[in-house]
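A look at the structure
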Amino acid sequence: MGCSVLLLLILSLLVLLLNPACVCGNAELRSLMDLKATMDPEGHFLSSWTMNGNPCGGSFEGVACNEKGQVANVSLQGKGLSGKLSPAIAGLKHLTGLYLHYNSLYGEIPSEVANLTQLSDLYLNVNHLSGEIPPEIGNMENLQVLQLCYNQLTGSIPTQVGDLKKLSVLALQSNQLTGAIPASLGDLGMLMRLDLSSNHLFGSIPTKLADVPSLQVLDVHNNTLSGNVPPALKRLDDGFVYEYNLGLCGVGFSSLKACNASAQFNTTRPDPYGAGVTGLTRNIPETANVRLLCNATQCQNSSKSRQATSITVGIVLVTTVLSAIGILTFIMYRRRKQRLGNAFDISESRLSTDQAKGIYRKNGSPLASLEYSNGWDPLADSRNFNGDRQDVFQSFRFNLEEVESATQYFSELNLLGKSNFSATYKGVLRDGSVVAVKSISKTSCKSDEAEFLKGLNILTSLRNDNLVRLRGFCCSRGRGECFLIYDFVSNGNLSRHLDVKEGDGEVLEWSTRVSIVKGIAKGIAYLHAYKANKLVLVHQNISAEKVLIDQWYNPLLSDSGLYKLLTNDIVFSALKGSAAKGYLAPEYTTTGRFTEKSDVYAFGVLLFQILTGKHKVTNSMRLAAESLRIQELIDPNLHGRVVEYEAAKLARMALLCSHESPFERPTMEAIVQELSNCSSCI
């Protein structure tokens, strides 16, 4: 009997040693169940998470695993979660993406989150989180995007954030943060976007931060900052947003007064949270990066100890005095806090994100390997469709040989562009027609076969003169990719016709612009009228880049219906560029949902761009449209060659479509009807 028990124990031990994934799986399962208990205490939203379930089996909502069977991604944005984030999150050691934004989570951010050293994306924005930002976050060496905005976080910004060398986006706006801007943020060599707006920050803007080479956007508006603005920030142009900081001064910035002698003198002093203490300034004393000469047990010598003590005491006294001054200044001068910036000033974007333009991560989605239940062959025997739809699907199917031949085996010479989830190649089919082939990895597509096929069904059923035509598709088990074959559009996209310098590019005539506006409206209206299975189709990512122009200057919307094929986190990542450029409707920051009215908002932004010929839509354009100062609004490259009553109508339409309130925006059907009265459109 004893030998049998011993043998059983040995066999059990061997199983554990030979199958470490099992141990990992159990540990991660326990962590997920702990997370469920704290984030969804009533069990309303995560009912698919069960103790006897398999997190990597596709049944756990919002959970995806890598090829080793380890939890790699948790995407639960906009799920209505109303609990706390548990320290058990640290048990998901292989996590690369954590998306918990647009919920109602409260409490503090657990310091244990810093144990997720493989994490690249951390989205906790638009919740009710409070407390201080854990300084341990500085240990997350692979972090690229840190989104903590629109919470109730307090305390100062940890200097340890400066240790995140791969960080490209840091969004902390609309919290209750105090203290100075750490100069250590200037060590973030890959930082592209920094949003600290609508907090209680005081002190000056560190010169070191202004010198970050990759910085494109610095938003510090609506704080109580003071002192001389570093001249290097002029290079950011509209990317530097600094309004409602009454203590700031500087030369070369349109709304800043010139600095007086005292402020100019202080520009030679160390920055807030700088590395040395050489004297007193009007701003925050240099405390955060001071390195005292004592180790953990003793000072190097008594004289140095006394010097360090004196300096420390002095710093504490000065900090107390200047903090009091800062608080008084805040009480006297701070304007009412604005949670969101002006709707038409795109530099104050709704959702601080990294800008998708120019960014391509070779690893694509954090979802490393999502397998379908029967491997990658969702169209096997066309088992999900019968009758006519099955015949339609067969007529759209290409084989891999045709796709490879058309693109010359995906030659780099035929590469048209890449995004974070796809690559597009130019190709020529055997009949001589030119096509664009969009390659999408299976890791970016929905893991549920039925959902994937529903999306593909939508794509093959879209028929409109203002949508790019889908010629066919190919799903390759061997390559692990899905290919969408579209008609090639020869004239590029609308974006290349914006910000054209006279003589350097083609300026669109007025009648062409009006015709393009009408075509875009018709394309969006067609999508919104799509009623199969009681479904209203929302484009979700309308922008100048998504409007292609054919050889006759007809506009064609691209990627229509595409997001029905993709996983939620891929859909969200695709919005980053849209948010940064101002196409994202303001209500999305609170609802996390797309509607027809969010498409209407993006159409309104497009209208402003077409009228002005500019990529960037500013508040001055809105003011010109409101007062019908048409000549100030219209692209100067047109030299006044416009139909003024049409221009006035389009200006009013742009204002209405991009209204802050979705209830004030018209439907696309009403817009098409209104545009039919433009003589240039007929």
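Just so it is clear, the structure is predicted and the values come from calculations on it, not from any experiment.

Section: the sheet that holds strand 11 (residues 202-203)
The three strands are arranged 11-13-15 in an open sheet whose pairing can be described as parallel. Looking at the sheet topology across the chains shown, the edges are occupied by strand 11 and strand 15 (247-249). Relative to strand 13 (residues 224-228), strand 11 runs parallel, the two sharing two bridges. Its bridge partner being in strand 13, G203 is matched across the sheet by L225.

Digging into the pattern of salt bridges
Applying the stated rule across the entire model yields twelve salt bridges. Between D487 and R471 there is a salt bridge, with its nearest N and O atoms 3.0 Å apart. You can see D487 sitting in strand 20 (residues 481-487) and its partner R471 sitting in strand 19 (residues 470-476), a full 16 residues away along the chain. A relative accessible area of 21% places D487 in the partly exposed class. Connected through salt bridges with shared partners, the residues D431, R469, R471 and D487 form a single ionic network.

Focus: the nonpolar core
Formed by 66 residues in total, the largest nonpolar core has its most connected members in L218 and F240. Every element with two or more residues in this core is listed here: helix 2 (20-39), strand 1 (63-65), strand 2 (71-75) and helix 3 (207-210). Looking at this core, the element that brings in the most residues is helix 2, giving five residues. If we skip the residues at most four places from it in the chain, F240 touches I205, L218, V220, V229, L233 and F253. In terms of nonpolar packing, the next biggest core, distinct from the first, is built from 54 residues, L467, W510, Y601 and F608 among them.

Remarks on the packing of aromatic side chains
This structure, assessed with the given rule, holds seven aromatic pairs. A ring pair is formed by W49 and F60, whose centres lie 5.9 Å apart and whose planes are at 20 degrees; its orientation type is stacked. Linking W49 in the loop between helix 2 and strand 1 with F60 in the loop between helix 2 and strand 1, this pair joins segments that are eleven residues apart in sequence. Assessed through its relative accessible area of 0%, W49 is described here as buried. Plain terms: the ring middles of Y242 and F253 are 5.9 Å apart, the flat faces sit at 80 degrees to each other, and that makes the pair edge-to-face. Here Y242, found in the loop between strand 14 (240-241) and strand 15, pairs with F253, found in the loop between strand 15 and helix 4 (261-266); they are eleven residues apart in sequence, far enough to count as distant. The burial state of Y242 is the same as that of F253; both residues are buried. Put simply, the rings of F240, Y242 and F253 pair up and form one aromatic cluster.

With respect to the state of the cysteines
Counted according to the given criterion, the structure contains two disulfides. The partner cysteine of C56 in its disulfide is C65, sulfur to sulfur 1.9 Å. Across the S-S bond linking C56 and C65, the dihedral sits near -85 degrees, which makes this disulfide left-handed. Relative accessible area serves as the criterion here: at 5%, C65 is assigned to the buried category. Free of any disulfide, C482 has its nearest cysteine sulfur in C475, 3.6 Å distant. Classification of C482 by relative accessible area gives buried; the value is 1%.

Overview of the sheet that holds strand 12 (residues 217-219)
Reading across the sheet, the nine strands line up as 1-2-3-5-7-9-10-12-14 and stay open at both edges, with mixed pairing between neighbours. Where the open sheet ends on each side, the last strands, each with one partner, are strand 1 and strand 14. Pairing of strand 2 with strand 3 (residues 97-99) involves three bridges; the strand directions are parallel. Bridge pairing links N73 to G97 in strand 3.

With respect to the packing of helix 9 (residues 510-528) against helix 16 (residues 668-675)
One can describe the packing of helix 9 onto helix 16 by two numbers: an axis separation of 9 Å at closest approach and a directional angle of 150 degrees. If you check the angle between helix 9 and helix 16, you find them roughly antiparallel. The interaxial crossing formed by helix 9 with helix 16 has left-handed handedness. Residue-level contacts link V517, K518, A521, K522, I524, A525 and H528 of helix 9 to M668, E669, I671, V672 and L675 of helix 16. Looking at the contact of helix 9 with helix 16, its residues break down into eight nonpolar, one polar and three charged.

Parameters and conventions
- Residues numbered from 1 in each chain as written.
- Predicted model: local features only at pLDDT ≥ 70, side-chain atom pairs only at ≥ 80, totals over all residues.
- Heavy atoms only, no water.
- Pairing = 2+ DSSP bridges.
- Helix = DSSP H or I, 4+ residues; strand = E, 2+ residues; numbered from the N terminus.
- Salt bridge = Lys/Arg side-chain N within 4 Å of Asp/Glu carboxyl O.
- Buried < 20%, exposed > 50% of the residue type's maximum accessible area, 1.4 Å probe, protein only.
- Core = buried A, V, L, I, M, F, W, Y, C linked by side-chain atoms within 4.5 Å.
- Contact = heavy atoms within 4.5 Å.
- Phe/Tyr/Trp six-rings, centres within 6.5 Å; stacked < 30°, edge-to-face > 60°.
- Disulfide = S-S within 2.5 Å.
- Axes fitted to C-alpha atoms, helices over the stretch in contact; angles between N-to-C directions.
- Parallel < 35°, antiparallel > 145°, perpendicular 65-115°, else oblique.
- Left-handed = near helix turned anticlockwise from the far one by under 90°.
- Nonpolar A, V, L, I, M, F, W, Y, C, P; charged D, E, K, R; others polar.

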